[in-house]
Amino acid sequence: CSSDLINKFVPLSPDPFLNDDPDMSLAKFGHLNAVVDEVNKVTGNTAVVTQTTAISSAVTINSYAGVITTVSATTAAGSNVAFTVNNSKVTSASKVLLTPVHLGAGIPVFTLDSISNGSFVIRIYNVHTSNAFNNLFKISFLVLD
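Residues numbered from 1 in each chain as written. Predicted model: local features only at pLDDT ≥ 70, side-chain atom pairs only at ≥ 80, totals over all residues. Heavy atoms only, no water.

Sorry, what's going on with the overall build of the protein here?
On a plain count of helices and strands, the protein comes out with three helices and eight strands. When the elements of the protein are put in sequence order from the N terminus, they spell out α-α-α-β-β-β-β-β-β-β-β. For the protein, the proportion of its 145 residues judged to be buried stands at 37%. Contacts in the protein between residues at least 24 apart in sequence constitute 66% of all its contacts with a sequence separation of at least 6. (Helix = DSSP H or I, 4+ residues; strand = E, 2+ residues; numbered from the N terminus. Buried < 20%, exposed > 50% of the residue type's maximum accessible area, 1.4 Å probe, protein only. Contact = heavy atoms within 4.5 Å.)

So this is what it looks like as structure tokens:
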């Protein structure tokens, strides 16, 4: 994936931020899902995966960009959970960008716990004071070398 391709991205969104800003560098580009869509078109190297057992179950998705759908989480308020993403495209020097979507209760905060050759770990914190999670997450990711 060439950074020149991302820098030349022309948005299809009506979002004024995207249409009025002449600098479309990745550093200023705040809509990761649109970047992932563009990478998918350019590289064709994308994938989707769905967890099958528990929110803490590892998944395998060997692509630079994709979407992880978790099982429905019931993580209590004030708690957290982590799961491993096995991915052959990831090295210990990679940068992994995440954009989560959650339409349920609770307030999720996503972090990367670790990155190593062949995997990264996503930790999901529920920072709500009383509501447990009650839905699945869709997490778009982009691996940058």
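Explanation requested: the environment of valine 49 in the structure shown.
Position of valine 49 relative to the elements: it lies in strand 1 (residues 46-50). Among all residues touching valine 49, those that are not within four sequence positions of it are Val59, Thr60, Ile61, Val67, Ile68 and Thr69.

Honestly, the pairing of strand 7 (residues 119-126) in this entry has me stumped. Any pointers?
Along a regular strand, successive side chains alternate from one face of the sheet to the other. Within strand 7, six of the eight residues are buried, which leaves it mostly tucked inside the rest of the structure. Bridge analysis of strand 4 (residues 80-86) against strand 7 gives seven bridges, and the strand direction is antiparallel. Paired with threonine 84 across the strands is valine 121, a residue of strand 7. By the bridge criterion, eight bridges tie strand 6 (residues 108-116) to strand 7 in an arrangement that is antiparallel. Following the sheet pairing, serine 114 is matched in strand 7 by valine 121. (Pairing = 2+ DSSP bridges.)

I keep staring at the sheet that holds strand 3 (residues 65-69) and nothing clicks. Help me out?
Two strands in a sheet stick together by hydrogen bonds in their backbones, pointing the same way (parallel) or opposite ways (antiparallel). The strand order across the open sheet built from four strands is 1-3-8-5, with neighbouring strands paired in mixed fashion. The open sheet is flanked by strand 1 and strand 5 (95-102), the only strands paired with a single partner. Across the sheet, the mean angle from the axis of one strand to that of its neighbour is 15 degrees, orientation sign disregarded. Bridge count between strand 3 and strand 8 (residues 137-144): five bridges; the pairing is antiparallel. Looking at strand 8, one finds that threonine 69 is bridged to lysine 138. (Axes fitted to C-alpha atoms, helices over the stretch in contact; angles between N-to-C directions.)

Would you take a moment to explain the nonpolar core for this structure?
Grouped burial of nonpolar side chains is what soluble globular proteins tend to show. In this structure, Ile68, Phe83, Val85, Ile122, Ile124 and Phe137 are the most contacted members of the largest nonpolar core, which totals 21 residues. Only strand 4, strand 7 and strand 8 provide two or more residues apiece to this core. Looking at this core element by element, the count peaks at four residues for strand 8. Setting aside residues no more than four positions away along its own chain, valine 85 makes contact with Val59, Ile61, Ile68, Gly118, Ser119, Phe120 and Ile122. (Core = buried A, V, L, I, M, F, W, Y, C linked by side-chain atoms within 4.5 Å.)

Help me understand the pattern of salt bridges in this model?
Under the criterion given, the structure shown has one salt bridge. Between arginine 123 and aspartate 113 there is a salt bridge whose closest N-O contact spans 2.7 Å. Taken together, the residues span a long stretch of sequence, with arginine 123 in strand 7 and aspartate 113 in strand 6 at a distance of ten residues. (Salt bridge = Lys/Arg side-chain N within 4 Å of Asp/Glu carboxyl O.)

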